[in-house]
Amino acid sequence: CLVLPAVQPWKPDVIVMKPLSPPAEIGKLVPPEPQPEEPFSYQRIALGLILAGAAVRLSMLASGCLRLRGYRRRAAVLHPQPQIAAQWQRDLDARALFCLSDEIGGPVTFGWLHPVILLPGRFFLMSEHTQEAIICHELLHVKRRDWLVTLVEECAGSILWFHPAVWWLFSRIRLRREQTVDEGVIQLTRQRDRYVEALLEVADPGVDLAPAPLFLRERHVVLRIGSLVQEVVMSKRRVAFS
C-alpha cells in the first residue's frame, strides 16, 4: 500500500482541443493556453517531508554504526578469552571477538563476518552466573545472525518512519527476538531463576544503540522478566491452533 503510489506511472496531461469559430475552419483544432504549474503543492510538500525524515533517520543509523566502530577501536581485546567464553563458543559453534569497554553500560553485539561482543567495564565485577548468562545470550545473537536482521529492520523503519504501525511492529519484533534468545539461554543453562537475576543485575544498560542487539533494553525489561517468571509452556495442540 505504501509502495504502489510511488511506482504507479504518472498520468499524461490531457490536452483539450477547441474548434475554431469560423465555419470555414471547422475541423482545425488549436491547443489551449498552457496553465502555469503550482510551485508548491500538498503532494510535493508531503513527499519532501517524508524524504527529509527518512534522510535524518538513515543518518542517525549511520551515526550509530560509527559510534559502534569507535567503541570497538577504543575497547580492550580480551586475550586470552575467559574460559567460560571459550567453552560456550565451542558448544554453540559461534565465534566472536570479546572486548572490554568502559564507554557502554551493557553488552552489545554487532558485526556479521567478524562479529564483536562488547562487554561493559564492570563485567568481571558481576557474579559468575551473570557473566555466563551474558556470554551465552550474546553468542546466541551471533549464531542467529541477528545483527543483519536488526540492520534491515532499522533501514526499513527509517524509510517508513512516518507510519505509527511500523514503530509498534518493530518494537514487538525486537521484544520477541529477545524473548526467544532468553528461552534459548534458559534451555542451555537450565537456570531460569539465575537468568532472571542476571537481567536485574544488568538493568541499567546506560546506552541504547539502535543498530546493535543489546542484552537488555530498558523499555522491554518488565515484559521479558514477566514472561520468564510465568514459565508459560504451550502444548503442541495450542501451538498448531495458533
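This text goes with the structure placed above it.
Residues numbered from 1 in each chain as written. Predicted model: local features only at pLDDT ≥ 70, side-chain atom pairs only at ≥ 80, totals over all residues. Heavy atoms only, no water.

Some points on the overall build of the protein chain
Rules: In this text, helices come from DSSP runs of H or I with a minimum length of four residues, and strands from runs of E with a minimum of two, each type numbered from the N-terminal end. Any residue under 20% of the maximum accessible area for its type is buried, any over 50% is exposed, and the rest in between are partly exposed; the area is computed with a 1.4 Å probe on protein chains only. By definition, residues are in contact when any of their heavy atoms lie within 4.5 Å. Throughout, the Shrake-Rupley method with a 1.4 Å probe supplies accessible areas, and for residues the shown protein chains are the sole cover considered.
When you go through the protein chain residue by residue, the secondary structure sums to nine helices and six strands. For the protein chain, the residues scored as buried account for 37% of the 242 residues in total. Contacts in the protein chain between residues far apart in sequence, at least 24 positions, make up 64% of those at least 6 positions apart. Total accessible area on the protein chain is roughly 16,100 Å²; 62% of this is exposed by carbon and sulfur atoms.

Digging into the packing of aromatic side chains
Put simply, the rule reads: A pair of aromatic rings is counted whenever rings of Phe, Tyr or Trp (Trp by its six-membered ring) have centres within 6.5 Å, and the orientation is called stacked for planes under 30 degrees apart, edge-to-face for over 60 and tilted otherwise.
Overall, the coordinates contain three aromatic pairs when judged by the stated rule. Seen in terms of ring centroids, W161 and F162 are 6.1 Å apart; in terms of plane orientation they differ by 90°. Their pairing is edge-to-face. Given the relative accessible area of 24%, W161 is considered partly exposed.

Remarks on helix α5 (residues 146-159)
This is how the line gets drawn: Residue count minus one, scaled by 1.5 Å, sets the expected span of a helix. For this quantity, the arc is that covered by the directions from the helix axis to the C-beta atoms.
Here α5 is 14 residues long and its end C-alpha atoms lie 20 Å apart, about the 20 Å a rise of 1.5 Å per residue gives. Considered for burial, the residues of α5 that qualify are D146, W147, T150, E153, E154, G157 and S158. Projected onto a plane normal to the axis of α5, the buried residues spread over an arc of 130° and lie on a single side. Packing partners of the buried residues in α5 comprise α2 (42-74), β5 (108-110), α4 (128-144) and α6 (164-189).

Focus on the environment of E153
With respect to the helices and strands, E153 occurs in helix α5. For the pair E153 and I173, spaced 20 residues apart in sequence, the C-alpha to C-alpha distance is 9.3 Å. The contacts of E153, once residues within four sequence positions are left out, are F170, I173, R174 and R177.

Observations regarding unusual backbone geometry
For the bond running from H79 to P80, omega is 0°, close enough to zero to count as cis. Even without being a glycine, R145 presents a positive backbone phi close to 55°. Structurally, R145 can be placed in the loop between α4 and α5.

Concerning the nonpolar core
We count it as follows: For our purposes a nonpolar core is just a set of buried Ala, Val, Leu, Ile, Met, Phe, Trp, Tyr and Cys residues, chained together by side-chain atoms within 4.5 Å.
F98, I117, L119, I135, L139 and Y195 are the most contacted members of the largest nonpolar core, which has 28 residues in total. Residue assignment for this core shows that the elements contributing at least two residues are α3 (83-92), β6 (116-120), α4, α6, α7 (192-201) and α8 (221-230). Among the elements that take part in this core, α4 stands out by supplying seven residues, more than any other. Among residues more than four places away in sequence, those in contact with F98 are A76, V77, L78, Q81, A85, Q89, I117, L119, I135 and L139.

Examining the pattern of salt bridges
Under the convention used in this document: Within this document, salt bridges are pairs made up of a side-chain nitrogen of Lys or Arg and a carboxyl oxygen of Asp or Glu, the two lying within 4 Å of each other.
Under the definition given, this model contains six salt bridges. As a salt-bridge pair, E103 and R74 come within 2.8 Å of each other at their nearest N and O atoms. Linking E103 in the loop between β4 (97-101) and β5 with R74 in helix α2, this pair joins segments that are 29 residues apart in sequence. Here R177 makes a salt bridge to E153, at a shortest N to O gap of 2.3 Å.

Considerations on the side chain of Q131
For the record, the criterion: Any N or O atom pair separated by 3.5 Å or less is treated as a polar contact, with the protein-specific requirement of one donor-capable and one acceptor-capable atom, and with residues adjacent in sequence counted only for side-chain atom pairs.
Within the secondary structure layout, Q131 lies in helix α4. Here M126 takes part through its backbone oxygen, which lies 3.1 Å from a polar atom of the side chain of Q131. In contact with Q131, not counting residues within four places along its chain, are F123, F124 and M126.

Notes on the side chain of E178
Counting through the fold element by element, E178 comes out in helix α6. For E178, a relative accessible area of 5% corresponds to the buried category. In terms of polar contacts, E178 uses its side chain to reach the side chain of H141, at 3.2 Å.

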